[in-house]
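Here's the letter readout for the chains.
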Amino acid sequence: MRRDGTLILCYHRVAEGVEDPLHLCVRPGNFAAHLEEMSRVREPSTLADVSVPSRRPRVVVTLDDGYRDNLTNALPIAEAKGVPITVFVTSGILGNHRGLWWDRLGTLLRSRPPHVREIDLPISGRNVRLPLGSSGIRADLVSVRRHLLPLRVTEIERALDAVSEQWQVGSASPPDAQTLNPEDLLRLAASDTVTIGAHTVDHVRLRDRPAREQRDTISGSKRELEQSIGRTVSHFAYPFGRRDDFDDRSVDAVRSAEFDTACTAIPGMAHSSTDPYRLPRRMVMDWGRLRFRVQMQRWRLG
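Residues numbered from 1 in each chain as written. Predicted model: local features only at pLDDT ≥ 70, side-chain atom pairs only at ≥ 80, totals over all residues. Heavy atoms only, no water.

**Remarks on the overall build of the chain**
Working step 1: Per the secondary structure count, the chain includes nine helices and 12 strands.
Working step 2: Against the globule reference of 19 Å for 302 residues, the chain gives a C-alpha radius of gyration of 19 Å, in line with a compact fold.
Working step 3: Referenced to the eigenvectors of the C-alpha coordinate spread, the extents of the chain come out at roughly 60 × 45 × 40 Å.
Working step 4: Taking all 302 residues of the chain together, the buried fraction comes to 55%.
Working step 5: Here the chain holds 44 positive side-chain charges and 39 negative ones, and the gap between their average locations is 6 Å. (Helix = DSSP H or I, 4+ residues; strand = E, 2+ residues; numbered from the N terminus. Rg over C-alpha atoms; globule rule 2.2 N^0.38 Å. Buried < 20%, exposed > 50% of the residue type's maximum accessible area, 1.4 Å probe, protein only. Lys, Arg positive; Asp, Glu negative; His and termini not counted. Charge placed at Lys NZ, Arg CZ, Asp CG, Glu CD.)

Here is the structure:
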């Protein structure tokens, strides 16, 4: 049974030859192939048109977080293919050389001294000890990340600093995981191909955070980005974006901040009846052309 709607795709990074335990990167060649394939069967569009009737089923390309390779790698490909992209920027990273905390965590785990078999995380006044090394860096990263996610980002950063000091190793983000700076943001925003969206100030997991704290980071990101680029920012994406990563207070805060739409990471298609503040998206991985073509077909029929 055919179930066409607007397919909203979620990317994070477009980069090659990097360590990628969380599978956030799509190689430039594959990204170009994806854009060609989606243009062949769908109408590339923007979130502004997500509920507008169309003669062809639509596809919207989004990229989360605000990595610099969105400018250096993704943008030239999107411009060459004529496909609009929306870049959801975590406003607090602009000019922050420390990068995003999960990249710092990856650096820490890769730099772990050979004799260390566990990590001690100072969390909320207590010490959480987790085993390391039994199943590889991805398993370690996922395990530690799960314990850090519920915390405020400032608490996460303090925990990483403590581990870095304890192990006597660096914890800077890898050079390939640089985030946008203010000049980069202006260059992105200057392209007719790009829509800038907001992704909170600090990329905190919103669920269970106090309502005021949620409002501050959501509306703050909109305000800071609008001041930076000199135009209205109308679209938002919930950090992490799964059902257990935001709550009704998050949605209320997005609505109160006067965004037009908000994207989740909940799988599905967007239809005219879909809540504009709970738009589903499909996560994209580093698939080759044929694998992506098959996945597009599955999404259309699923």
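Continuing now.
**Some points on the side chain of Lys 222**
Working step 1: Residue position: Lys 222 is located in helix α7 (residues 211-229).
Working step 2: Discounting residues that sit within four places of it in the chain, Lys 222 has contacts with Ala 198, Thr 232, Val 233, Ser 234, Ala 257, Glu 258 and Phe 259. (Contact = heavy atoms within 4.5 Å.)

**Here's the deal with the packing of aromatic side chains**
Working step 1: Applying the stated criterion to the full structure yields eight aromatic pairs.
Working step 2: Between Phe 292 and Trp 299, the ring centres sit 6.5 Å apart and the planes meet at 85 degrees, which makes this aromatic pair edge-to-face.
Working step 3: Accessibility expressed as a relative area gives 0% for Phe 292, which makes it buried.
Working step 4: Taken together, Phe 236, Tyr 238, Phe 246 and Phe 259 form an aromatic cluster joined through their ring pairs.
Working step 5: Its end group placed over the ring of Trp 287, Arg 291 keeps NZ or CZ at 4.8 Å from the ring centre. (Phe/Tyr/Trp six-rings, centres within 6.5 Å; stacked < 30°, edge-to-face > 60°. Lys NZ or Arg CZ within 6 Å of the ring centre and 35° of its normal.)

**Let's talk about the pairing of strand β6 (residues 85-89)**
The side chains of a regular strand alternate between the sheet's two faces.
Working step 1: Within β6, five of the five residues are buried, which leaves the element mostly enclosed by the surrounding structure.
Working step 2: Side chains of β6 alternate between two faces, with Ile 85, Val 87 and Val 89 and Thr 86 and Phe 88 buried alike.
Working step 3: Alignment of strand β5 (residues 58-65) against β6, held across five bridges, turns out to be parallel. Within β6, the position partnered with Thr 62 by the bridge is Thr 86.
Working step 4: Here β6 pairs with strand β9 (residues 194-198) via five bridges, running parallel. The residue bridging Ile 85 from the neighbouring strand is Val 194, located in β9. (Pairing = 2+ DSSP bridges.)

**Some thoughts on the packing of helix α1 (residues 28-41) against helix α9 (residues 289-301)**
Working note: a packed helix pair is described by the angle between its axes plus the distance between those axes.
Working step 1: At their nearest, the axes of α1 and α9 sit 9 Å apart, and the two run at 40 degrees to each other. Crossing of α1 against α9: the hand is right-handed. Packed against α1, whose contacting residues are Ala 33, His 34, Glu 36, Glu 37, Met 38, Arg 40 and Val 41, the element α9 presents Arg 289, Phe 292, Arg 293 and Met 296 at the interface.
Working step 2: The residue makeup of the contact of α1 with α9, split by class, is five nonpolar, one polar and five charged. (Axes fitted to C-alpha atoms, helices over the stretch in contact; angles between N-to-C directions. Left-handed = near helix turned anticlockwise from the far one by under 90°. Nonpolar A, V, L, I, M, F, W, Y, C, P; charged D, E, K, R; others polar.)

**Considerations on the nonpolar core**
Working step 1: With 83 residues, the main nonpolar core has Tyr 11, Trp 101, Leu 148 and Ile 196 as its most contacted residues.
Working step 2: Apart from the residues within four sequence positions on either side, Tyr 11 is in contact with Val 26, Phe 31, His 34, Met 38, Val 61, Thr 62, Leu 63, Asp 64, Val 284 and Phe 292.
Working step 3: Ranked by size, the runner-up nonpolar core spans nine residues in total, among them Val 50, Val 60, Phe 88 and Cys 263. (Core = buried A, V, L, I, M, F, W, Y, C linked by side-chain atoms within 4.5 Å.)

**Thoughts on empty space enclosed by the protein**
Working step 1: For the structure shown, the criterion picks out one cavity of 30 Å³ or more.
Working step 2: Estimates place the volume of the largest cavity at around 130 Å³.
Working step 3: As for the largest cavity, its lining consists of 14 residues, of which Glu 19, Asp 20, Pro 21, Trp 102 and Asp 103 are closest to the centre.
Working step 4: With four residues, helix α3 (residues 101-110) is the largest single contributor of residues to the lining of the largest cavity.
Working step 5: Across the lining of the largest cavity, the residue classes tally to seven nonpolar, one polar and six charged. (1 Å grid on protein atoms, 1.4 Å probe; cavity = no way out; pocket = protein on both sides within 12 Å on 5 of 7 lines; lining within 4 Å. Points joined across faces, edges and corners; volume = space filled by probe spheres on them.)

**Considerations on helix α6 (residues 182-189)**
Working step 1: By the burial criterion, the buried members of α6 are Asp 184, Leu 185, Leu 188 and Ala 189. With its buried residues spanning 130 degrees around the axis, α6 presents them on a single face. The outward face of α6, more than 90 degrees from its buried face, is lined by the exposed residues Glu 183 and Arg 187.
Working step 2: The inward-facing, buried residues of α6 contact α2 (69-81), β6, β9 and α7. (Arc of directions from axis to C-beta.)

**Quick look at the pairing of β5**
Working step 1: The element β5 is extensively covered by neighbouring structure, given that eight of its eight residues are classed as buried.
Working step 2: The sheet contact formed by strand β1 (residues 7-11) and β5 spans five bridges and is parallel. The residue bridging Tyr 11 from the neighbouring strand is Leu 63, located in β5.
Working step 3: The parallel pair β5 and β6 is bridged by α2, and the resulting crossover is right-handed. (Right-handed = clockwise from strand over helix to strand, strands pointing away.)

**Let's talk about unusual backbone geometry**
Working step 1: The phi dihedral of Phe 240 falls on the positive side, at around 70 degrees, and the residue is not glycine.
Working step 2: If you trace the backbone, Phe 240 turns up in the loop between β10 (235-237) and α8 (248-256).
Working step 3: You will see that Glu 258, though not glycine, has its phi angle at about 70 degrees, which is positive.
Working step 4: Note on placement: Glu 258 falls in the loop between α8 and β11 (261-263).

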